[in-house]
Amino acid sequence: MLSVVLFIAVICSFSFFAAIKLNRTFEETLPLSAMGIILILFMTGLINILGIGWILVCLAALGLYGYTVFWLYKNKSETNIQEATFNFLTPGFIVFTILAIMISYYNQDRLAVHIDEFSHWLDTVVIMTRIDGFGTTAGSGAIFPSYPPAMSLFQYLMEKINMAITGDFSEWKVYFAYQLLAVIVMLPFLKLKGRSLVQKIVTIISWPVCLFLPLHFFKDVYSSLYIDPFLGVLGGCGFAAISITKKKDWVYEAYITLLAAVLVLSKDVGIYLAMFMGLFYAIDYFSREGFGKKKAGLALLPIASMIAAKMLWKLELSVSQTTQKFSQPFDISGTIATIKGNGTEFATAVYDSFRAALTYRYVYYERMGFNYSTIMFLLVVAFICLHVSLYHRKQLTKVSAVTGAAVPGVAIVFYILSMFPLYISRFAEDEALNLASFDRYCGIMFLTGILLMFWLLRDMLIDADGKVIPVVLAIAMVCSVYHSKKDDVLYYTSKSSVNDSLSTRQKVNVIAEKVNESCDEDSNVLVIVSEDEDLFRAILSTIAKPRNFDSSEGYFPATPPGDGEALISSKELISIIEGEYDYVVIYSVTDSVIANYKDIFVSETQIIEGGVYEMDKEAGKLVLIQ
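Cut-offs applied
- Residues numbered from 1 in each chain as written.
- Predicted model: local features only at pLDDT ≥ 70, side-chain atom pairs only at ≥ 80, totals over all residues.
- Heavy atoms only, no water.
- Core = buried A, V, L, I, M, F, W, Y, C linked by side-chain atoms within 4.5 Å.
- Buried < 20%, exposed > 50% of the residue type's maximum accessible area, 1.4 Å probe, protein only.
- Contact = heavy atoms within 4.5 Å.
- Axes fitted to C-alpha atoms, helices over the stretch in contact; angles between N-to-C directions.
- Helix = DSSP H or I, 4+ residues; strand = E, 2+ residues; numbered from the N terminus.
- Parallel < 35°, antiparallel > 145°, perpendicular 65-115°, else oblique.
- Nonpolar A, V, L, I, M, F, W, Y, C, P; charged D, E, K, R; others polar.
- Salt bridge = Lys/Arg side-chain N within 4 Å of Asp/Glu carboxyl O.
- Pairing = 2+ DSSP bridges.
- Left-handed = near helix turned anticlockwise from the far one by under 90°.

> Can you walk me through the nonpolar core in this structure?
Considering soluble globular proteins, one finds that nonpolar side chains tend to be buried as a cluster. Within the largest apolar cluster, 183 residues are counted, with the highest numbers of intra-cluster contacts made by Trp207 and Trp455. Tryptophan 207 has contacts with Val95, Leu99, Val183, Met186, Leu187, Phe189, Leu190, Phe454, Trp455 and Arg458, leaving out every residue within four places of it along the chain. Membership of the second largest hydrophobic core comes to 18 residues, among which are Ile528, Leu573, Ile586 and Tyr613.

> Explanation requested: the packing of helix α24 (residues 469-484) against helix α25 (residues 486-493) in the structure shown.
A pair of packed helices is captured by two measures, namely the crossing angle of their axes and the spacing between those axes. At their nearest, the axes of α24 and α25 sit 5 Å apart, and the two run at 75 degrees to each other. Classified by the angle their axes make, α24 and α25 are roughly perpendicular. On α25, the residues that touch Tyr482, His483 and Ser484 of α24 are Lys486, Val489 and Leu490. Grouping the constituent residues of the contact of α24 with α25 by class yields three nonpolar, two polar and one charged.

> What is the right way to look at the environment of isoleucine 608 in this model?
Summarising the element assignment, isoleucine 608 is placed in the loop between α29 (591-596) and β6 (612-616). The class of isoleucine 608 is partly exposed, set by a relative accessible area of 34%. Residues isoleucine 608 and serine 588, 20 residues apart in the sequence, show an inter-C-alpha distance of 8.0 Å. Contact partners of isoleucine 608, with chain neighbours within four places excluded, come to Ile586, Val589, Tyr613 and Leu624.

> I'm lost on the pattern of salt bridges in this one. Help?
Charged atoms that come close allow side chains of opposite charge to pair. Applying the stated criterion across every chain, the model contains 24 salt bridges. Between lysine 247 and aspartate 249 there is a salt bridge, with the nearest N and O atoms lying 4.0 Å from each other. Take lysine 247: its relative accessible area is 56%, and that puts it in the exposed class. One network of salt bridges, with partners in common, ties together Arg24, Glu28, Lys191, Lys247 and Asp249.

> Sorry, what's going on with the sheet that holds strand β3 (residues 524-528) here?
Judged by pairing direction, the sheet is mixed, and its five strands sit side by side in the order β4-β3-β5-β6-β7 without closing on themselves. At either margin of the open sheet sits one strand with a lone partner, and together these are β4 (548-551) and β7 (621-624). Direction aside, neighbouring strands of the sheet carry axes that sit 35 degrees apart on average. Judged from the four bridges that link them, β3 and strand β5 (residues 583-586) form a sheet pairing that is parallel. In the strand pairing of β5, isoleucine 528 is matched with isoleucine 586. Docked against the sheet, helix α26 (residues 496-518) engages β4, β5 and β6, running at close to 165 degrees with respect to β5.

> Hey, could you run me through unusual backbone geometry in this one?
When glycine is set aside, most residues are seen to have a negative phi, and most peptide bonds are trans. Cis geometry marks the peptide bond from lysine 545 to proline 546, where omega comes out at 0 degrees. Considering the arrangement of structural elements, one finds proline 546 in the loop between α27 (534-543) and β4. A positive phi angle, close to 60 degrees, is found at asparagine 48, a residue other than glycine. Judged by its relative accessible area of 65%, asparagine 48 is exposed. For lysine 495, which is not glycine, the phi torsion reads 65 degrees and is therefore positive. Its place among the elements puts lysine 495 in the loop between α25 and α26.

> What is the right way to read the packing of helix α2 (residues 26-46) against helix α16 (residues 301-319) from this model?
The interhelical angle for the contact between α2 and α16, taken along N-to-C directions, is 30 degrees, at an axis separation of 11 Å. Between α2 and α16, the interaxial angle falls into the category roughly parallel. When you trace α2 past α16, the crossing you get is left-handed. The segment α2 lies against α16, with Phe42, Met43 and Leu46 engaging Ala309, Leu312, Trp313 and Glu316. In terms of residue class, the contact of α2 with α16 is made up of six nonpolar, no polar and one charged.

Everything listed here is a matter of coordinates, which is why it stays silent on function.
As structure tokens, this is what we get:
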């Protein structure tokens, strides 16, 4: 746990400095610190000194603590110590501390079990900690090296601090860093300074709703590393901050500017949300401050940070000669033709599936089901009504209110509708016909919208007249949202998800230990698996680096063909193994191995699950070594 404490100390250093020197509260500056650290690490990665970058971040944190204490000592007579203390030790700090402890406890010992975690979201962090560079580095072995690295950089810092303390990579701390960053982004909405007692109570009571809402669109949000829920959190918080922030000073401007850059560097689609957010920010800024050269520069800061982040990552991809995944242009003419009824058989089939999905896929709140089309409609209506309320409460100008009512809704609806051309342009035919990951992609926008709607409703509740009704409504809101996802919350808080992950990984972890002990680094390993067990080959590829693993499914099926004849002979299989592989691992003793290939082993008694083999060159057969 020492590494977790040190990690938190590093990311809180700027907040400590800002609380004392700049008279700013903990919850409003911690997001600036966390996102700023991501961008600093990103810049050091661009110039190939990421291994030095994380050390510089830690030293800078130490320097901030030292400088702040020294400054406080030198200026103690002129400093309001009590005010400075309560700037740091705010209710937001207490909530953050409690949540950090809970996240640490509920994730301790968690292991990855989702296939995409081993193709990228965990795999990339493992690679980065091993080579101290991006996945774009030559020879890194990353499967999707073109994916932007924002979240991976934050997780990288956590793991490097942990490795400096323990010497080992700790999977569960990757989950800890992810969930902590999501909480940090939402902390500014816990700011209490300047509010009345009732407003403070309503603010604190209602805030936990933001922790339950992602479960409506991402059931595994607290037990997986998929980046999509985090994008929804960034999007919802960014739009909401523009709409409801009352004191729009440099902290607010820095929050939106950094958030736009982190959005772009989290996933390629992040630039889409950042673009609409930047537009809303700029229009709101001009409507409040008027026009002018200096004002134009400040108004366009988020757009500038968005463009800079995108161009720098494209530069990294260009310099490293990394091909960008899923970057084919949209087939606009094919899309239009299909909508008119003149599309190809493939495009028409995808179009029919797409329209059906918008109508027949549902998100449930208690027993009420809302299909995707209804959700889009309700969000648009809610944005309009809630921004009209903001205008009447004089929190937004008329132009800002109209923009806030229109831009988020347009962004959500346009993105979801544009998924049809995305499928026919960039996906393999079988994936497109099945609308691969459709719910997950829609979930990004729905979470963006529902979080925005919640923050706006909550702001209205905080500003409502009365002392009892706002508190009662806040309690009712929390209880209702919690109850709607009670089972998912209990699955997480009971640590059942952790225990399930340990059970799933038990066998493959034992094999990985054997591989790490017995197999040379950078060796090629053939993994014999049954049908639908390729996940375990992917797991080995991540936790037994740096080795290359292939699945036996590429050479022979797990079960013999109906006629009992092997697809390739034992002699041919031995020849392949000798030519292409250094070791063979049996995850499962398949029927095909027993029926057709038992003679490629020195002894049939050596054919065991979890066995690690190498070629006995004299005998021309596989011999058990572990």
